[in-house]
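One-letter residues, chain by chain:
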Amino acid sequence: EFMENVDAGLDNFGHKWSFSALNRHLEILGVDVQKVWNDINEVIMASILMVIPTMGQRARMVLAENQGGCFELFGLDVLLDEHLKPWLLE
């Protein structure tokens, strides 16, 4: 059952934690937090590198059509498994 946090001051309560709360929790468990974030960044960078050609094509198409600007907003969901290996979900 989803547990909502209704108190912004409690960043480690409920199902949605802040990054700082997650980092503190991992440090308490003795986890190398920097390595976890480096591994997550590698997954993100690999994902972005895979779509660069498509991004370039779409940007050129939009710019050619209306002479305006364009931007893309990306959201990535990453899951950490029991070994703290990051997996890209979408």
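The structure reproduced in this document is the subject of the present report. The residue numbering used here restarts from 1 in each chain and proceeds along that chain's sequence as written. In keeping with the model being predicted, local features are shown solely for residues with a pLDDT of at least 70 and side-chain atom pairs are shown and tallied solely at 80 or more, while totals for entire chains, interfaces and linings include all residues. Side-chain metrics rest on all non-hydrogen atoms present in the structure, leaving aside hydrogens and water.

1. What about unusual backbone geometry?
The condition that has to hold: The secondary structure listing takes helices from DSSP runs of H or I that are at least 4 residues long and strands from runs of E that are at least 2 residues long, numbered from the N terminus.
In this structure, Leu84 is a non-glycine residue whose phi angle is positive, near 65°. Structurally, Leu84 can be placed in the loop between β1 (78-80) and β2 (86-88).

2. What about helix α2 (residues 33-66)?
What counts is decided by this rule: The angle between axes fitted to the seven-residue stretch ending at a residue and the seven-residue stretch beginning at it gives the bend at that residue. Only protein chains enter the accessibility calculation, which uses a 1.4 Å probe. A residue is then buried if its area is under 20% of the maximum for its type, exposed if over 50%, and partly exposed in between. In this analysis, two residues are considered to be in contact whenever any of their non-hydrogen atoms come within 4.5 Å of each other. Here a polar contact is taken to be a pair of N or O atoms separated by no more than 3.5 Å, where protein atoms must pair a possible hydrogen donor with a possible acceptor and residues adjacent in sequence count only if both atoms sit in side chains.
Helix geometry: α2 is bent most strongly at Ile52, by close to 45°, with proline Pro53 lying one to four residues after it. Listed in full, the buried residues belonging to α2 are Val33, Val36, Asp39, Ile40, Val43 and Ser47. Along its buried surface, α2 packs onto α1 (19-28), β1 and β2. The residue sitting at the N-terminus of α2 and contributing the capping side-chain oxygen is Asp32; that oxygen lies 3.3 Å from the backbone nitrogen of Gln34.

3. What to know about a nonpolar patch on the surface
This is how the line gets drawn: Grouping into patches uses exposed residues only, defined as over 30% relative accessible area, and leaves out salt-bridged ones; the cut-off is 9 Å for like charges and 5 Å for nonpolar side chains (Val, Leu, Ile, Met, Phe, Trp, Tyr). Areas reported as accessible are Shrake-Rupley estimates using a 1.4 Å probe. Residue values count occlusion only from the protein chains shown. We define a salt bridge as a contact between a side-chain nitrogen of Lys or Arg and a carboxyl oxygen of Asp or Glu at a distance within 4 Å.
There is a patch of nonpolar side chains on the surface, built from Met45, Ile48, Leu49, Met50, Val51, Ile52, Met55 and Phe74 and spanning about 750 Å² of accessible area. Given a relative accessible area of 30%, Val51 falls into the partly exposed group.

4. So, the packing of aromatic side chains
Basically, it comes down to this: Any two of the Phe, Tyr and Trp rings considered here, Trp counted by its six-membered ring, make a pair once their centres fall within 6.5 Å; the pair's planes then place it as stacked at under 30 degrees, edge-to-face at over 60, or tilted in between.
All chains considered together, the criterion is met by one aromatic pair. Taken together, a centroid distance of 5.1 Å and an interplanar angle of 90° make the contact between Phe19 and Trp37 edge-to-face. Linking Phe19 in helix α1 with Trp37 in helix α2, this pair joins segments that are 18 residues apart in sequence. Residue Trp37 is classed as partly exposed on the basis of its relative accessible area of 23%.

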